[in-house]
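# Working through the structure, step by step
The lines below spell out each chain.
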Amino acid sequence: MKKLTAHETLRYVIALLTYYLDELGNAKEFDENQFEYGEKTAFVECLEIIQRWEHAAENGLDFDVENRFPL
């Protein structure tokens, strides 16, 4: 497996978390499947942390995470 730079790794994580959140769709706090809502909450929090990276916006994280993926 090819080693990635920190920059490449963060880009990969942004793309992966965004994909997962798109797949989770409209999971809500009081839905039948609480596990999916827990996943969604964790993924949103991870993206918000990554958004603090100085190059986040230029690497695909140029949106308000909670507006795009409301909890």
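Rules behind the numbers
- Residues numbered from 1 in each chain as written.
- Predicted model: local features only at pLDDT ≥ 70, side-chain atom pairs only at ≥ 80, totals over all residues.
- Heavy atoms only, no water.
- Salt bridge = Lys/Arg side-chain N within 4 Å of Asp/Glu carboxyl O.
- Buried < 20%, exposed > 50% of the residue type's maximum accessible area, 1.4 Å probe, protein only.
- Helix = DSSP H or I, 4+ residues; strand = E, 2+ residues; numbered from the N terminus.
- Polar contact = N/O pair within 3.5 Å; in protein donor to acceptor, adjacent residues only side chain to side chain.
- Contact = heavy atoms within 4.5 Å.
- Expected span 1.5 Å × (residues − 1).
- Arc of directions from axis to C-beta.

This structure, assessed with the given rule, holds 2 salt bridges. We note a salt bridge from Lys-2 to Glu-8, for which the minimum N-O separation is 3.7 Å. Under the relative-accessibility criterion, Lys-2 is labelled exposed at 60%. The class for Glu-8 is partly exposed, based on a relative accessible area of 31%. Between Asp-22 and Arg-68 there is a salt bridge; the shortest N-O distance is 3.8 Å. With Asp-22 in helix α1 (residues 6-24) and Arg-68 in helix α3 (residues 65-68), this residue pair connects regions lying 46 residues apart in the sequence. On the basis of relative accessibility, which here comes to 44%, the residue Asp-22 falls in the partly exposed class.

Below, the discussion takes up the side chain of Thr-18. Inspection of the secondary structure puts Thr-18 in helix α1. Under the relative-accessibility criterion, Thr-18 is labelled buried at 12%. Within the structure, Thr-18 has its side chain in polar contact with the backbone oxygen of Ile-14 (distance 2.7 Å). Once you skip the residues sitting within four places of it in the chain, Thr-18 turns out to touch Leu-47, Phe-63, Arg-68 and Phe-69.

With that settled, the discussion passes to the side chain of Lys-40. By the secondary structure assignment, Lys-40 is in helix α2 (residues 34-50). Lys-40 has contacts with Leu-21, Leu-24, Gly-25, Asn-26, Ala-27, Phe-69, Pro-70 and Leu-71, leaving out every residue within four places of it along the chain.

Let's shift gears to α1. Because an α-helix completes one turn every 3.6 residues, residues spaced three or four positions apart along the sequence face the same direction. Its 19 residues place the ends of α1 27 Å apart at the C-alpha level, agreeing with the 27 Å of an ideal helix rising 1.5 Å per residue. Listing the buried residues of α1 in full gives Ile-14, Leu-17, Thr-18, Leu-21 and Leu-24. Buried residues of α1, seen end-on, are gathered within an arc of 125 degrees and therefore sit on one face of the element. Turned more than 90 degrees away from the buried face of α1 sit Tyr-12 and Glu-23, all of them exposed. Buried residues in α1 make contact with α2 and α3. Residue Gly-25 follows α1 closely and has a positive phi angle near 55 degrees.

These results come straight from atomic positions and should not be treated as a statement about function.
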